[in-house]
Structure formats: structure tokens, C-alpha cells
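Remarks on the overall topology
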Number of protein chains: 2
Amino acid sequence: MGTTQLDTVPEPKYWHLKTVLSEALDSDFAVGEILPNERELAARFGVARATLRQALEQLELEGRLQRRRGVGTTVAPPRVGVDVGTSQHGWPGAAGDSWQPVDCTSAVPPVAVARMLDGDCDNEVHVVRRIRVTHGQPVAAELLYVPAASVLDLAAIDSPSGAARARGVLRELQRLAMEGQDRAVELGSARADDAKELDRLPGAPVLVVTTRYFAHGGTAAVSVATYRADTCRLTFGDSGDLEISHHTQERRAS
Amino acid sequence: MGTTQLDTVPEPKYWHLKTVLSEALDSDFAVGEILPNERELAARFGVARATLRQALEQLELEGRLQRRRGVGTTVAPPRVGVDVGTSQHGWPGAAGDSWQPVDCTSAVPPVAVARMLDGDCDNEVHVVRRIRVTHGQPVAAELLYVPAASVLDLAAIDSPSGAARARGVLRELQRLAMEGQDRAVELGSARADDAKELDRLPGAPVLVVTTRYFAHGGTAAVSVATYRADTCRLTFGDSGDLEISHHTQERRAS
DNA sequence: AAGTGGTCTAGACCACTTA
DNA sequence: AAGTGGTCTAGACCACTTG
């Protein structure tokens, strides 16, 4: 007996740092407030800047901090709840959805998408690009893949490209009888083009929501939407604007 | 004129590295295969080990790689789709769900959870711990918070703690008339205890699924389930075992 | 021009797994 | 004991934003 053996698992410095900073954020800082810069924080805690950064990265991943190059590190507001629920039945572009079309091109879809589009693996499809904005901030970027077969009335879409054509494709889609949807969520990292529209650096963590739209007994369209993982909480149902804290603190007893 | 100006955005080394490695994984490696160790890879690509690691971290985040201390880096299998859909109506612990109860304690819930439990902010609740296993691998760890009011027939639960008591609480829950559910998904990092059961290091990226169960016009229980973000794709509907590629490759044209 | 975060280096030691 | 990934250091330079 005696040796209370508390050092069995020597906690990494950055992990302990993260805890300390997290508590400091809760008590000593207000949302939007600017933290001291990384060099100063590192000095203050007596660690190398890389170690301090490791802690900051974690906190940013958890949506507690926001860092911008050339500006500084600020305390992030609580994550905003964005509804991606099936309650939102209907085709993309239906009246009142929060997406705004940007442009539309034609391209051969990635194999993963092609596989969902009933195997048309080398055919071009319409690719509609849309942005989702909430509270004035861009929260998601989407690529909507629509096979030509889904919008047969192609002649009605006169615009060769651009937002006008995007709206045209969406309008044609509405005419189909929707038979169901199908959603999946996974973690990914932002491609360069998405990152740009989400105001993040390439590689930033995103939640990728893949939706299949069914009609005519097949897949009429596939949407790949990438949401900012740092600022968004995806909700399914009516818990939209409920505030859920950043991390679930440990408070267990026997 | 002439300067074709392709160096406008000098791509970071680790980003380029990631692309190269990603393509190599597609063509030259099989699932489960072991990569050369970090020091050799760094030397082979002529970069510092830290830079190489930055690329590997991204690939691990995207579910392409799996790294284990003392063992090595292996090519990860495609993400497994786990159903968290509302199709799975019913109380936790209903027959045939893929969770297995581990233990049950009493504790004051974190404030974020307490806020969802109709404001009982300082009262103890039952905390049921469960594990979700798929294909032999642990994919999620859950804490289920059940207010005492939801399982009034407390006397029927004789076991003071442990898996038996957990099953008891779940059994009592079944007796209530469910009035609805409510789900949210967000990115988080694994707490120490969750990490242990998920066979990951603390801080590993996880998808946190928060579910509210409604009954009696209030919140009867709250579940906070943390899924391994590297190995899981959360599905809502019947796209369970459909294979979706790791990252959506860029293949766009005009 | 000054200050910020982002990238990169070349090393060191530690914790863990396996043989 | 040897080999792996995980942590940490002390520096350097770069890209970006702002006054």
C-alpha cells in the first residue's frame, strides 16, 4: 500500500492542456472573444508551440474554437443545428428549402456515385452545385448528380450552364413522383473547392451527407452534401434550435 | 504573356503527399496490407516525419488507413454502414437491437443532458452503459440517461448495479408508450472511457449521436452514442450495406 | 510593416506490441 | 530486445489579414 499510483497513465501534455483550456473557455471567455496568440499561449503554459497547437486543434474539432490565419483564435459560438431530417420530404429545390443553386455542369460522376445511379458508370450526368446558408453563414456545399434520364424534358432547359440551368434542372426534377429517400452520414475532409465555399482550409473536417432520391423504381438523383463539422450539428426531427453543449462532460459517480 | 501561372496556390507538401498516397492505396495495396513504417515512408518521399504523419492523419480521418501503436499502419477496409435510422422505432433494448448492456450506475447527468431531461438539473438519473458491436468489432459506446421518473417500478430492479441492473432499467423502459424520437449527429472526440471501449486513443474523432426519447409528454430518456468516425458510416434507411467510396474523387468537367 | 495562424524540419524520447 | 506509432521540442519560413 501507500503508493497511490495515480501516474499509471501519464496523460499527454496536449491532452491536459486541452482540458485546462476548455475549462478556461467555460469560465473566463465570452463567445467571439480573441485568445492570446499561439506563441504567447505556448510560452504561458511552458510548452512548445506544436504541443499547444495540438490542443487547439482538438478544441477546434469540437467546435469550441475558431482559428483564422492572419487574424487569430476566437471562442466559437455553440454549434448551429441544421435540419437534414426526412421530415423534409420532397425534391431538392422544393419551395422553402435553404439551398441556393450556384451553377450546373455536365460531368462523369465519381465511381462511388455512379454505382448508386444504377450502374451508369461512364455516362455524363448533370451536376448541380448548391450552397446552404444559415444565419448568414455558409454551412454546407452540395453536388447534386442528376442523370439525363431523370430530366428528360431537356429542351426546356435552355441555359447552357450557370445558376439558371441549375434552377432548370431542379424544376424538371420536381415533376417526378418521389418514391423515397435514403441518407448516410460520414466523416470526411473538405476538398479544395468545397473548402473555398465553406470558408475553410482544404482538409478541414466535414460531415458528408449522401442522399439518394428514388423515383421510377430507380435512383433519380444523388446528393453529396458536405457540412462544416466544426460549426454544424445535424438534426433529424424537430430538435433544430435546441442547444446541446460542445462536449459531454464527465460527471459520473457510482 | 506566357507565364502559365500554375503556382498561384503552392499546394502544401502534406496535401500533395496525401493525394499521392491515396492513389497508391487504390492501385498498389490490398485491404489489410501493412505499409512501410513512418520513418521509411518519410525518407522515401524526402520529407520530415511530422509532415508524413500529417498526411497519414488525414487518410486515417477519411477511413483509408488504420494505425496502431507498436504494430504499424494498415490499409483499412471500407467503412461499415451502421443503421441509426428512425426506421428502428422502439425503445433502446428492444428485441433484436445490436446493443449489449454493460453496466448501470446512478449519477447527475452533464448539464447538456440535464437540459434535455426537462430541466431536472441536479437530480441523479440511471446511467446505462452499452456497447454496439458489428461484424465482431465494437463500433459505438453509449451512455443512456434515464430519469427515475421514467422507471417508477424501481423495486422490480433488485440488482444494485452491473449488467443485470442495466437490463432491468431497459426492461422497465419498454413498458412506456413511446411518443417519438429525436436525433442529432455531430463531430466529437472520444473521451477516455469511450476510447478504451472503442479500441482507440483518447481524442479520436467520433460521431456523436444524441437521441431523445419522448413519452408522457416529456423526455423519458436521452442517449448519447459515440461512433468511431474512422470506421463507421451512419445510415438512415435501407442503404445499410451499400458500399460508398472513402472520398468523393474530383472528376468534373464542363 | 507587423502580427497572426499554417507548414516544415531534424531531432529526441516514450508507450506499446511482438517475438 | 527490437520495431512501431505517439508525443514533444525549438527553431525556421510562409501565407494571409490588417492597420
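Residues numbered from 1 in each chain as written. Chains lettered and ligands numbered in written order. Predicted model: local features only at pLDDT ≥ 70, side-chain atom pairs only at ≥ 80, totals over all residues. Heavy atoms only, no water.

Now for the packing of aromatic side chains. Within the structure shown, the criterion is met by 5 aromatic pairs over all chains. Between A:F236 and B:F236, the aromatic rings sit 4.1 Å apart at their centres with planes inclined by 15 degrees, giving stacked as the arrangement. Residue A:F236 is found in strand β10 (residues 232–236), and its partner B:F236 is found in strand β10 (residues 232–236); the two belong to separate chains. Each member of the pair, A:F236 together with B:F236, is buried. (Phe/Tyr/Trp six-rings, centres within 6.5 Å; stacked < 30°, edge-to-face > 60°. Helix = DSSP H or I, 4+ residues; strand = E, 2+ residues; numbered from the N terminus. Buried < 20%, exposed > 50% of the residue type's maximum accessible area, 1.4 Å probe, protein only.)

Residues and elements named next belong to chain A. The domain architecture assigned to chain A consists of domain 1 (13–76) and domain 2 (80–253). Listed by partner, the interface residues are 10 residues for domain 1 and 8 residues for domain 2. With both chains or domains summed, domain 1 and domain 2 bury close to 700 Å², and 45% of this area falls on carbon and sulfur atoms. Applying the counting rule to domain 1 against domain 2 returns 1 salt bridge. The closest approach of N and O atoms between E60 and R200, which form a salt bridge, is 3.4 Å. Taken together, the links from domain 1 to domain 2 amount to 2 residue pairs in polar contact (both at pLDDT 80 or more). (Domains from an automatic or database assignment. Contact = heavy atoms within 4.5 Å. Buried area = accessible area lost by both parts, 1.4 Å probe. Salt bridge = Lys/Arg side-chain N within 4 Å of Asp/Glu carboxyl O. Polar contact = N/O pair within 3.5 Å; in protein donor to acceptor, adjacent residues only side chain to side chain.)

To continue, consider the pattern of salt bridges. Evaluation of the coordinates by the stated rule reveals 42 salt bridges over all chains. Three or more residues are tied together by salt bridges with common partners; here these are A:E38, A:R49, A:R53, A:E57, A:E60, A:R67, A:R200, A:R228 and A:D230.

So, on to the environment of B:S150. All names here are of chain B. In this fold, S150 is placed in the loop between β6 (137–147) and α5 (162–174). When its relative accessible area of 11% is taken as the criterion, S150 is described as buried. On a C-alpha basis, the gap between S150 and D194 in space is 26 Å, while along the polypeptide they are 44 residues apart. Aside from chain neighbours lying at most four places away, what touches S150 is L173, L176 and A220.

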